[in-house]
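Inside the fold
The primary structure of each chain is shown beneath.
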Amino acid sequence: MTADGLIRLTKPMMDFLRIAPGMRLLSIRSSDIAFTMGAKGPLLEKADRYNGVIPEF
């Protein structure tokens, strides 16, 4: 993470995580000291079915 709050992932990291530029990631609260980003799975499916607005950043 950079000093201005950006998270930079290298190509090998992205390959390992099976994510690609342009993919939507869901921020999932995991604790008060960390966060989790989801790319697929039941929580993402639930978010897709949600009728409200989930802000995108």
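Everything here concerns the structure above.
The following refers to the structure shown. Just so it is clear, the model here is predicted, and its values are computed rather than measured. (Residues numbered from 1 in each chain as written. Predicted model: local features only at pLDDT ≥ 70, side-chain atom pairs only at ≥ 80, totals over all residues. Heavy atoms only, no water.)

1. Side note on the pairing of strand β2 (residues 35-38)
Both strand β1 (residues 26-29) and β2 contribute to a ladder of four bridges, which runs antiparallel. Across the sheet, L26 pairs through a bridge with G38, a residue of β2. Between β1 and β2, which pair antiparallel and follow one another directly, the connecting turn spans five residues. (Pairing = 2+ DSSP bridges. Helix = DSSP H or I, 4+ residues; strand = E, 2+ residues; numbered from the N terminus.)

2. Focus on unusual backbone geometry
Of note, R18 is a non-glycine position whose phi angle comes to about 60 degrees, a positive value. Locating R18 in the fold gives a position in the loop between α1 (11-17) and β1. Looking at R18, the relative accessible area reads 63%, which means it is exposed. (Buried < 20%, exposed > 50% of the residue type's maximum accessible area, 1.4 Å probe, protein only.)

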